[in-house]
Amino acid sequence: QVQTVESGGGLVQPGGSLRLSCDCTTGNLGLYAMGWYRQAPGQERALVAYISVGNDAVYEEPVKGRFTISRNNAKKQVYLEMNNLKPEDTAVYYCNVFYFNWRSQTKWGPGTQVTVSS
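Residues numbered from 1 in each chain as written. Predicted model: local features only at pLDDT ≥ 70, side-chain atom pairs only at ≥ 80, totals over all residues. Heavy atoms only, no water.

Novice: Could you give an account of the packing of aromatic side chains, with specific residues and numbers?
Specialist: In the structure shown here, the tally under the stated rule is six aromatic pairs. Arranged with centres 3.8 Å apart and planes meeting at 5°, the rings of Tyr50 and Phe98 form a pair that is stacked. Remark: Phe98 occurs in the loop between strand S9 (91-97) and strand S10 (112-116) and Tyr50 occurs in strand S5 (residues 46-51); sequence separation between them is 48 residues. An identical accessibility class is assigned to Tyr50 and Phe98; each is buried. Plain terms: the ring middles of Phe98 and Phe100 are 5.5 Å apart, the flat faces sit at 75° to each other, and that makes the pair edge-to-face. Given a relative accessible area of 9%, Phe98 falls into the buried group. You can call Phe100 exposed: its relative accessible area is 74%. (Phe/Tyr/Trp six-rings, centres within 6.5 Å; stacked < 30°, edge-to-face > 60°. Helix = DSSP H or I, 4+ residues; strand = E, 2+ residues; numbered from the N terminus. Buried < 20%, exposed > 50% of the residue type's maximum accessible area, 1.4 Å probe, protein only.)

Take a look at the structure:
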């Protein structure tokens, strides 16, 4: 199991950038594919991107070309670099283990709020 604490969110203008970090508590982060997820007000939590144990990254269409997911297993951290932010990126962002049935997960970290507004 992996426990997560997200940080790095904030208020940013459209077109701006943020870098989110996720501190993971686990014995060996390298055993897990990890994902970033987000939940906008009134919407269900959605996958943003995930990174495999082999460091292959997959992005959902709305963020392709703008977001970059990465990981540092030695530091037990996962990152999300977000560029050219848009108002529709406003959400609470979470990281967690990724697997294809990820919606069944019940344990989530506190998340970090990202607000994109002028």
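Novice: Outline the pairing of S5, supporting the account with residue identities and numerical values.
Specialist: In terms of residue burial, S5 counts as a mostly covered element, since five of its six residues are buried. For strand S4 (residues 34-39) and S5, the ladder comprises five bridges, and the chain directions are antiparallel. Pairing of Trp36 across the sheet is with Ala49, part of S5. Where S4 folds back on S5, the antiparallel hairpin that results is connected by six residues, among which Gly42 adopts a positive phi of roughly 75°. Taken together, S5 and the strand that follows it, strand S6 (residues 57-59), pair antiparallel across an intervening segment of five residues, in which Asn55 is found at a positive phi of about 75°. (Pairing = 2+ DSSP bridges.)

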